[in-house]
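Spelled out, the chains give:
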Amino acid sequence: MTPHHFRKVSDLSSDQIRAVLAAAARMKRAPLADTHVLAGKTVALIFSKPSTRTRVSFTVGVHQLGGLALTLSEQELQMRKSESIDDTARVLSRYVDAIVIRTFAQSDVDDLAAAASVPVVNALTDDRHPCQALTDIFTFEERFPDARGRQITYLGDGNNVATSLAAAGAMTGIDVCLSVPEGHDVPAPLWAEIQLLAKDGGTRVWVERDPRAAVKNASALYTDVWISMGQTDSEEKIEALRPYRIDAELLASAPGDAVVMHCLPAHRGMEITDDVIDGPRSVVFDQAENRLHVQKALLTHLVGGAG
Ligand code: CP
Ligand code: NVA
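Notes on the structure follow. None of the values given here were measured: they were computed from a predicted structure.

### Quick look at the site of ligand 1
Near ligand 1 you find Ser51, Thr52, Arg53, Thr54, Arg102, His129, Gln132, Cys263, Leu264 and Arg291, and these make up its full shell. Taking Leu264, its main chain carries an N or O atom lying 2.8 Å from a nitrogen atom of ligand 1. Alone, ligand 1 offers 260 Å² of accessible surface; in the complex the protein occludes 96% of this. The class makeup of the residues in the shell around ligand 1 is two nonpolar, five polar and three charged.

### Concerning the site of ligand 2
With respect to spatial proximity, the complete set of residues near ligand 2 consists of Leu124, Asn159, Asn160, Val161, Asp224, Val225, Ser228, Met229 and Leu264. The contact in question runs from a nitrogen atom of ligand 2 to an N or O atom on the side chain of Asn159, over 3.4 Å. Here a nitrogen atom of ligand 2 and a side-chain polar atom of Asp224 are 2.6 Å apart. Taken by itself ligand 2 offers 270 Å² of open surface, and the protein chains cover 95% of this. When atom positions are compared with the pocket grids, ligand 2 is found to occupy the largest pocket. Of the residues belonging to the shell around ligand 2, the class tally is five nonpolar, three polar and one charged.

### What about the side chain of Asp136?
Topologically, Asp136 is positioned in helix α5 (residues 130–143). Arg291 provides the closest opposite charge to the buried, salt-bridge-free Asp136, at an N-O distance of 7.0 Å. When sequence neighbours within four positions are dropped, the list of residues in contact with Asp136 reads Leu165, Tyr222, Met261 and Gln287.

### Comments concerning empty space enclosed by the protein
Across all of its chains, the model carries one cavity of 30 Å³ or more by this definition. Approximately 40 Å³ is the volume found for the largest cavity. Lining the largest cavity are Lys8, Val9, Ser10, Arg128, Thr163, Ser164, Ala167, Glu193 and Leu197. Those elements that place two or more of their residues in the lining of the largest cavity are α6 (160–172) and α7 (188–201). The element best represented in the lining of the largest cavity is α6, accounting for three residues. Of the residues that constitute the lining of the largest cavity, the class distribution is three nonpolar, three polar and three charged.

Scoring rules and cut-offs
- Residues numbered from 1 in each chain as written.
- Chains lettered and ligands numbered in written order.
- Predicted model: local features only at pLDDT ≥ 70, side-chain atom pairs only at ≥ 80, totals over all residues.
- Heavy atoms only, no water.
- Near = heavy atom within 4 Å.
- Polar contact = N/O pair within 3.5 Å; in protein donor to acceptor, adjacent residues only side chain to side chain.
- Areas by Shrake-Rupley, 256 points an atom, 1.4 Å probe, with all protein chains shown as cover.
- Nonpolar A, V, L, I, M, F, W, Y, C, P; charged D, E, K, R; others polar.
- 1 Å grid on protein atoms, 1.4 Å probe; cavity = no way out; pocket = protein on both sides within 12 Å on 5 of 7 lines; lining within 4 Å.
- Sits in = over half its atoms within 2 Å of the grid points.
- Helix = DSSP H or I, 4+ residues; strand = E, 2+ residues; numbered from the N terminus.
- Buried < 20%, exposed > 50% of the residue type's maximum accessible area, 1.4 Å probe, protein only.
- Lys, Arg positive; Asp, Glu negative; His and termini not counted.
- Salt bridge = Lys/Arg side-chain N within 4 Å of Asp/Glu carboxyl O.
- Contact = heavy atoms within 4.5 Å.
- Points joined across faces, edges and corners; volume = space filled by probe spheres on them.

See below:
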């Protein structure tokens, strides 16, 4: 049987996303109620880029579900040095019950998934960050139980976080406005994919270059770093992104109940100011906590038998 992978948000149907988010809410209320789910099972965590939240939340989550998390850095593996991704996938599938991977190219995750006989979970690539996106929707709905039809405005670089957030919003009834400068848009093929998801979901995902206009009707203002892991610093890019920083002035242009989101790590003073990220409208640290609950629910869905 083909395993159920989570390479991108749309590897889950809208109904499956709903089921995962509902399970996450239950797990948040009772974090140690599901210690049987991964009993006797092992989850490999492969990291080719740094990570705090993803690494720790998966490790703790697997432990709380009764399983063993095995963290592997790419330097420690033969993968891509002495053997192919395919062979690594085949071998790991004989030992472990799921593979979580953070790497550079999305194609490496897709290749690993194609050769693996256990579920493969994308823990961030240059193109996508689907685990983050599920948590973002969970956190938004936690704040706004009437989330359907509300709007999240993402400001900054059209990167992996923006791409997956837009896909997840499109599939869950939430409109997503991307306020990104010209030249820093979500790549065209990913944009086309998001538009199809929005059409199916009856939602809107669009670009508004003017940050003030973009936040006017938003229930959340979301941002991420301007220079992602693996990218080289660029003065030109930073200058282009400066008007998209979330500061008190931009927040004042949003509705009074709008919250502020960031996937972290934050470059304080760049894409977001201290007063905003530490202020009363920030849900950033709830968002970080929620990675744990949502990923436990995801692993339960994919590995624990319900998948
Ligand atoms: N948001 C997120 O994925 O954080 P880490 O890079 O610390 O895992
Ligand atoms: N866009 C950021 C997200 C970090 C969680 C990066 O890829 O570095």
